[in-house]
Amino acid sequence: MKRRTFIGASAGASVGLLTGTAQAMKTTLLSTLELKGNIQHSACYWCYGSIPLETFLQDLNGLGVKAIDLTGPKEWPLLKKYDIHAAMCWGAGMGIEKGWNDTKLHEELVADYLQLIPKVAAAGYTNLICFSGNRNGMDDDEGLQNCVKGLKQLLPTAEKHGVVLQMELLNSKVDHNDYMCDRSRWGVALCKALGSENFKLLYDIYHMQIMEGDVIRTIQDFHPYFGHYHTGGNPGRHEINDTQELNYPAIMKAILDTGYKGHVAQEFIPTYEDKIAALKEGITICDV
């Protein structure tokens, strides 16, 4: 399943050919990974959707990666077969553009999430993604208060079942025009207003590099509100090597320095013909 199919939004990136170091690394990372164990690695399946899920899970086992992002109840039995953890679940809501900032959607959203939260917990998982929705002319303060009104209806159930709702920070400049939760400070203000450890932010490094930069300082300042991390090379949302501007080893070290024990998921769109080689490269770069 591709993410754009599930959430009704484009990944917003074109696939091109890379040269130089990136292509050289493609052919030199074929030996078995020996992971340091400091970072809990995951991968977003929608980026590899051309690979059948069962084959991809076998590839993850071969890499020594024990988690996957953005799967739902239909996929979980297969994950269990291969002992792969669902590090970030989905399966409720109306996608990126229609979210918690619209009170007209609250009744349906609440019902949808309330039926999924116990399933997440029963399957042994913790994190469940959610979205603010687009502004559609709405003031950011009004949107924040609307999100509070809606999400508060979920928190008793989330807290009862030990499930953490995670609102993803996305850029509204390139990929998700008009999305409201497009800056860390807005998301942190929402976390503070809700006041629950069962609501966090999914800090997408690629998206926030586009919107605000200053990634390491932001992680240092706001890490208590970040419950999960996604990667991606900027510009283009492709491989996270030296063809793009982010220094991922330094970012991973900054995340570890905060005491973070959760997962970091690769969410870049591979340009290599061998997509698993691209994933292996990304994991190697982040394995500090």
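To be clear, the structure that these remarks concern was listed above.
Residues numbered from 1 in each chain as written. Predicted model: local features only at pLDDT ≥ 70, side-chain atom pairs only at ≥ 80, totals over all residues. Heavy atoms only, no water.

### A few points about the pairing of strand β8 (residues 263-266)
When a strand is regular, its side chains alternate between the sheet's two faces.
At step 1: By the alternation rule, side chains of β8 split into H263 and A265 and V264 and Q266, which are all buried.
At step 2: Judged from the four bridges that link them, strand β1 (residues 40-43) and β8 form a sheet pairing that is parallel. Bridge assignment links A43 to a residue of β8, and that residue is Q266. (Buried < 20%, exposed > 50% of the residue type's maximum accessible area, 1.4 Å probe, protein only. Helix = DSSP H or I, 4+ residues; strand = E, 2+ residues; numbered from the N terminus. Pairing = 2+ DSSP bridges.)

### Examining the side chain of Q266
At step 1: Along the chain, the position of Q266 falls in strand β8.
At step 2: Judged by relative accessible area, Q266 falls into the buried class, the value being 1%.

### Section: the pattern of salt bridges
When their charged atoms lie close together, side chains carrying opposite charge are able to pair.
At step 1: A complete count under the given rule lists nine salt bridges for this structure.
At step 2: Among the salt bridges present, the one from R237 reaches D204, with a minimum N-O distance of 3.9 Å. Placement of the pair is R237 in the loop between β7 (226-230) and α11 (248-257) and D204 in strand β6 (residues 199-204), with a sequence separation of 33 residues. For the pair R237 and D204, a shared accessibility class is recorded, and that class is buried.
At step 3: With a closest N to O distance of 2.8 Å, R237 and E267 form a salt bridge. Residue R237 is located in the loop between β7 and α11, and its partner E267 is located in the loop between β8 and α12 (275-286); the two are separated by 30 residues in the primary sequence.
At step 4: A residue is classified by how much of its surface remains accessible, and R237, at 1% relative accessible area, is buried.
At step 5: Accessibility expressed as a relative area gives 0% for E267, which makes it buried.
At step 6: One network of salt bridges, with partners in common, ties together R135, D140 and D182. (Salt bridge = Lys/Arg side-chain N within 4 Å of Asp/Glu carboxyl O.)

### Some points on the packing of helix α6 (residues 140-151) against helix α8 (residues 184-194)
At step 1: At their nearest, the axes of α6 and α8 sit 10 Å apart, and the two run at 40° to each other. Between α6 and α8, the interaxial angle falls into the category oblique. Crossing of α6 over α8 shows right-handed handedness. Taking contact as the criterion, the partners of D140, G143, L144, C147, V148 and L151 in α6 are, on α8, W186, A189, L190, A193 and L194.
At step 2: Each residue belonging to the contact of α6 with α8 can be placed in one class, and the counts come to nine nonpolar, one polar and one charged. (Axes fitted to C-alpha atoms, helices over the stretch in contact; angles between N-to-C directions. Parallel < 35°, antiparallel > 145°, perpendicular 65-115°, else oblique. Left-handed = near helix turned anticlockwise from the far one by under 90°. Contact = heavy atoms within 4.5 Å. Nonpolar A, V, L, I, M, F, W, Y, C, P; charged D, E, K, R; others polar.)

### Focus on the state of the cysteines
At step 1: A full pass over the atoms with the stated rule returns zero disulfides.
At step 2: Between C130, a cysteine without a disulfide, and C147, which holds the nearest cysteine sulfur, the sulfur-to-sulfur distance is 8.1 Å.
At step 3: The thiol of C147 is not disulfide-bonded; the next cysteine sulfur, from C181, is found 7.7 Å away. (Disulfide = S-S within 2.5 Å.)

### Overview of helix α3 (residues 53-63)
At step 1: Within the sequence span of α3, burial applies to L53, F56, L57, L60 and L63. Axial view of α3: buried residues confined to an arc of 120°, hence all on one face.
At step 2: Elements that come into contact with the buried residues of α3 comprise β1, β2 (67-71), α4 (76-81) and α12.
At step 3: G64 sits one or two positions beyond α3 and adopts a positive phi of about 85°. (Arc of directions from axis to C-beta.)

All quantities given are derived from atomic positions and should not be read as evidence of function.
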